[in-house]
Amino acid sequence: MSDRDEAFAEYFAARSDAMRGTAYLLCGDWHRAEDLVQTAFVKLYRVWNRISRHEVLDSYVRQILIRTFLDERRRGWWRRERVGVGNAEQMAGPDSPESRLVLLQALASVAPRQRAVLVLRYWEDLSIEDVAALLECSPGTVKSQAARGLDTLRGLLAPTDSGIEMGKR
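Residues numbered from 1 in each chain as written. Predicted model: local features only at pLDDT ≥ 70, side-chain atom pairs only at ≥ 80, totals over all residues. Heavy atoms only, no water.

Engineer: Hey, could you run me through the overall build of the chain in this one?
Structural biologist: Within the chain, the secondary structure is distributed over seven helices and zero strands. Reading the helices (α) and strands (β) of the chain from amino to carboxyl end gives α-α-α-α-α-α-α. Counting only residues that meet the buried cut, the chain has 40% of its 169 residues in that class. Long-range contacts, defined as pairs at least 24 residues apart, comprise 64% of the intrachain contacts of the chain with a sequence gap of at least 6. In the structure as shown, the chain presents an accessible area of about 9900 Å², 50% of it carried by carbon and sulfur atoms. (Helix = DSSP H or I, 4+ residues; strand = E, 2+ residues; numbered from the N terminus. Buried < 20%, exposed > 50% of the residue type's maximum accessible area, 1.4 Å probe, protein only. Contact = heavy atoms within 4.5 Å. Areas by Shrake-Rupley, 256 points an atom, 1.4 Å probe, with all protein chains shown as cover.)

Engineer: Would you take a moment to explain the nonpolar core for this structure?
Structural biologist: Proteins that are soluble and globular tend to have nonpolar side chains buried together. One finds Phe41, Leu44 and Leu65 to be the most contacted residues of the largest nonpolar core, which totals 44 residues. Secondary structure elements with two or more residues in this core: helix H1 (3-27), helix H2 (30-46), helix H3 (57-75), helix H4 (97-109), helix H5 (112-123), helix H6 (128-135) and helix H7 (139-157). For this core, the element with the most residues is H1, which contributes eight residues. If we ignore the near neighbours within four places in the chain, the residues touching Leu65 are Met19, Thr22, Ala23, Leu26, Leu36, Val37 and Ala40. (Core = buried A, V, L, I, M, F, W, Y, C linked by side-chain atoms within 4.5 Å.)

Engineer: Explanation requested: the pattern of salt bridges in the structure shown.
Structural biologist: Once the charged atoms of two side chains with opposite charge are near each other, the side chains can pair. Going through the model one piece at a time under the given rule, you end up with six salt bridges. Asp17 is the salt-bridge partner of Arg20, the closest N and O atoms lying 2.4 Å from each other. Pair noted here: Arg20 and Asp17 are both in helix H1, with a separation of three residues, about one helical turn. Close ionic contact of Arg20 with Glu34 constitutes a salt bridge, the shortest N to O distance being 2.5 Å. Of this pair, Arg20 sits in helix H1 while Glu34 sits in helix H2, placing them 14 residues apart in sequence. Its relative accessible area of 24% is what places Glu34 among the partly exposed residues. Bridged by salt links that share partners, the residues Asp17, Arg20 and Glu34 form one connected network. (Salt bridge = Lys/Arg side-chain N within 4 Å of Asp/Glu carboxyl O.)

Engineer: Would you explain the environment of Thr68 in this entry?
Structural biologist: Here Thr68 shows up in helix H3. Judged by its relative accessible area of 4%, Thr68 is buried. Beyond its immediate sequence surroundings of up to four residues, Thr68 is in contact with Leu36, Thr39 and Lys43. A polar atom in the side chain of Thr68 sits 3.3 Å from the side chain of Lys43. (Polar contact = N/O pair within 3.5 Å; in protein donor to acceptor, adjacent residues only side chain to side chain.)

Engineer: Please clarify how the packing of H4 against H7 should be interpreted in this entry.
Structural biologist: How two helices pack is summed up by the angle between their axes together with the distance between the axes. With their axes 9 Å apart at the nearest point, H4 and H7 run at an angle of 130° to one another. Looking at the two axes, H4 sits oblique to H7. Pair H4 / H7 crosses with right-handed handedness. Side by side, H4 and H7 meet where Val102, Leu103, Ala106, Leu107 and Ser109 of the first sit next to Leu153, Leu156 and Leu157 of the second. Partitioned by chemical class, the residues of the contact of H4 with H7 number seven nonpolar, one polar and no charged. (Axes fitted to C-alpha atoms, helices over the stretch in contact; angles between N-to-C directions. Parallel < 35°, antiparallel > 145°, perpendicular 65-115°, else oblique. Left-handed = near helix turned anticlockwise from the far one by under 90°. Nonpolar A, V, L, I, M, F, W, Y, C, P; charged D, E, K, R; others polar.)

Engineer: Can you walk me through the environment of Ile51 in this structure?
Structural biologist: Structurally, the position occupied by Ile51 is in the loop between H2 and H3. For Ile51, a relative accessible area of 16% gives the class buried.

Engineer: Hey, could you run me through the packing of H5 against H7 in this one?
Structural biologist: Contact geometry of H5 with H7 gives a least axis separation of 8 Å together with a crossing angle of 100°. Considering the angle they form, H5 stands roughly perpendicular to H7. Contacts between H5 and H7 involve Arg113, Gln114, Val117, Leu118 and Tyr122 from the first element and Val142, Gln145, Ala146, Arg148, Gly149, Leu150, Thr152 and Leu153 from the second. A breakdown of the residues in the contact of H5 with H7 according to their chemical character gives seven nonpolar, four polar and two charged.

Okay, structure coming up:
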C-alpha cells in the first residue's frame, strides 16, 4: 500500500464513525447514512493528493457529506415514507430510546437544508459562521434556517408531550 493510501485509510478509520453519525441525523436511515459516508469518502479520495491542509479535513469531509445529502434530495429519486409517532404515554423521559426515536422522526420531517443547519449547529456544535461557510450561505440564512427548523421541531414535538425540549443557542 502506498503512503497516500495508508494515510487515507488511517483517516477513514479514525473519522468514518463520526461522519456516519452525522449522516444518520441528516437522513434518518443507517443504510443511507452509510451510502452518504462512502460517497463522501470516495470524493475525498479522488482529491487526496491535492489536499495540503490536513488539519481542516473534518470540515472538508463534512462539507462533502452535506452537499451529497442535499444533492440527493434535489434529484427526487428518493421518497420518504412518514411513520406515525408512537403513543406518548409510553415515553419514559428525555434520554429514553423512545424519546430519541420521536426526535429522529421529527427531525426527518424538517426540510433538508434546515435539517442540515440543525445537525451542524447542535450535533456537530459548529458556529454560525462555520455552518454558513460549509453551506455557502450567509450567517443570517443559517440563523433563519435554524429558527425555522427549531420551530418545526417544537411544533412536531409539542403535541407528543415527550419531555424533549429544544433549546436556543
